[in-house]
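Next come the chains, spelled out residue by residue.
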Amino acid sequence: MSDAEADIFSGTKPVDPRYKLDEVALNAWMEAHVEGFAGPMEIRQFKGGQSNPTYQIITPSQNYVLRRKPPGKLLPSAHAVDREFRVISALYPTGFPVAKPFGLCMDESVIGTIFYIMDSVDGRILWDGSLPDSTPAERTAIYEAKIATLAALHATDYKAVGLEDFGKAGSYFARQISRWTKQYQLSETIKIPEMDRLIEWLPTSVPEGETTSIVHGDFRLDNMILHPTESRVLAVLDWELSTLGDPLGDFTYHLMNWVMPSGQRSGLAGLDLEALGIPSMERYIELYCQGTGRKSIENIDWYFAYNMFRLAGIIQGIVGRVRDGTAASAHAQDNADRVRPLALAAYGFALKAGMTP
């Protein structure tokens, strides 16, 4: 992603009139429910957060972040900000890097939809997987910090932190394929035959040996805040897709960066990784296995096919929300051009994994 493209999604802007908040009602709720809160407050909207509108609340003593469900017609089970709040509230006491949660409001009368408040964490959000402003040693350290963070999440005892009912144990891939198939079909704007073939084949070919852990669902470079000067993860963001599921789905989604073109966000394909100091895909898999006690990972092509199919379903959902007038980003329409290439890439990996054309 270029600097200009990153600037589209980075930082804050004046609040979009479609997502304006009732500041009087919000201020009263914050005074009653957020310990230490004291106004006056200034509200700005983050440029990113296409799915759930996200705001910065600036006060004289502390800054906060508000995440809300968008108003309007929504797909079933989407935009579950209450689930986001629950998972960060469970992880924060363990020392896992998430923003401190302050409060959840399920009363839609306050600002029109449910929302939660968390700490505003100062640090770096990086978009370009090649890390152009870093040295080779810094790149190595950042990638090692990223994969250690994901391994730590997958090693967290979900029962011990009170998340035993955060999702269903087992049959994760079958449920995910079903979920994103439905979202894709509800949001479909053009016919893509390769997606239809994947919808048929993926449920019949799930690898054996599924296990269960907390999964983030969208673990990538720009969904984490790094320390301003150190190669350390301060907070993992955007837990909307988190659930209980197979950690290999989460890891191989993140691993797709190694096969995605370098011009796309965190894509690394075609770069001289050794010269840059970025671990090879094989080395990254090795680091993850070391962090989680695995010996190896089989069926990588199937996981890539699944994850690209899933990402196509997610992005088609954004395109559908543009069609329906509920997308939170003015740039969400740009995603329409991404769906077909993802479907074709997923189809290609499925063929490698044994699917017949």
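Thresholds applied
Residues numbered from 1 in each chain as written. Predicted model: local features only at pLDDT ≥ 70, side-chain atom pairs only at ≥ 80, totals over all residues. Heavy atoms only, no water. Core = buried A, V, L, I, M, F, W, Y, C linked by side-chain atoms within 4.5 Å. Buried < 20%, exposed > 50% of the residue type's maximum accessible area, 1.4 Å probe, protein only. Contact = heavy atoms within 4.5 Å. Phe/Tyr/Trp six-rings, centres within 6.5 Å; stacked < 30°, edge-to-face > 60°. Helix = DSSP H or I, 4+ residues; strand = E, 2+ residues; numbered from the N terminus. Pairing = 2+ DSSP bridges. Axes fitted to C-alpha atoms, helices over the stretch in contact; angles between N-to-C directions. Parallel < 35°, antiparallel > 145°, perpendicular 65-115°, else oblique. Left-handed = near helix turned anticlockwise from the far one by under 90°. Nonpolar A, V, L, I, M, F, W, Y, C, P; charged D, E, K, R; others polar. Arc of directions from axis to C-beta. Polar contact = N/O pair within 3.5 Å; in protein donor to acceptor, adjacent residues only side chain to side chain.

*Asks:* I'd like a description of the nonpolar core, backed by residues and values.
*Replies:* In terms of nonpolar packing, the biggest core is built from 85 residues, with Trp 239, Phe 251, Leu 255, Ile 297 and Phe 309 touching the most fellow members. Other than its neighbours up to four places away in sequence, Ile 297 contacts Leu 248, Phe 251, Ile 285, Tyr 288, Cys 289 and Tyr 303. Core analysis: the second largest hydrophobic core is formed by 19 residues, Tyr 19, Trp 29, Met 30 and Tyr 64 among them.

*Asks:* Outline the packing of aromatic side chains, supporting the account with residue identities and numerical values.
*Replies:* We describe a pair of aromatic rings using the distance from one ring centre to the other and the angle between the two ring planes. Taken as a whole and judged by the stated rule, the model has 16 aromatic pairs. For the pair Phe 173 and Trp 302, a centre-to-centre distance of 5.3 Å together with 85° between the ring planes defines the contact as edge-to-face. Of the two residues, Phe 173 sits in helix α5 (residues 172–187) while Trp 302 sits in helix α10 (residues 300–324), which places them 129 residues apart along the sequence. The pair Phe 173 / Trp 302 is uniform in exposure class, with both members buried.

*Asks:* Which residues make up the sheet that holds strand β6 (residues 115–119), and what are the values?
*Replies:* Strand order in the open sheet made by the six strands is β1-β2-β3-β4-β6-β5, with antiparallel pairing throughout. On the outer flanks of this sheet lie β1 (12–13) and β5 (101–105), each paired with one strand and no other. Alignment of strand β4 (residues 63–68) against β6, held across five bridges, turns out to be antiparallel. Looking at β6, one finds that Arg 67 is bridged to Tyr 116.

*Asks:* With reference to specific residues and values, describe the packing of helix α6 (residues 193–201) against helix α11 (residues 336–352).
*Replies:* Contact pair α6 / α11: the axes reach a minimum separation of 9 Å and the direction vectors enclose 45°. The angle between the axes of α6 and α11 places the two elements in the oblique class. Taken as a pair, α6 and α11 cross one another with a handedness that is left-handed. Where α6 approaches α11, its residues Pro 193, Glu 194, Met 195, Arg 197, Leu 198 and Trp 201 are matched on the opposing element by Arg 340, Ala 343, Leu 344, Ala 346, Tyr 347 and Ala 350. In terms of residue class, the contact of α6 with α11 is made up of nine nonpolar, no polar and three charged.

*Asks:* Residue-level account of helix α2 (residues 23–33), with values.
*Replies:* The periodicity of an α-helix, 3.6 residues per turn, causes residues three or four positions apart to be oriented the same way. Every buried residue belonging to α2 is among Leu 26, Trp 29 and Met 30, and all of these are buried. The buried side chains of α2 occupy one side of the element, clustering within an arc of 100° when seen end-on. In α2, the exposed positions angled more than 90 degrees off the buried face are occupied by Val 24, Glu 31 and Ala 32. Contacts made by the buried residues of α2 are with β2 (42–46), β3 (54–58), β4, β5 and β6. Its side-chain oxygen 3.2 Å from the backbone nitrogen of Val 24, Asp 22 forms the N-cap of α2.

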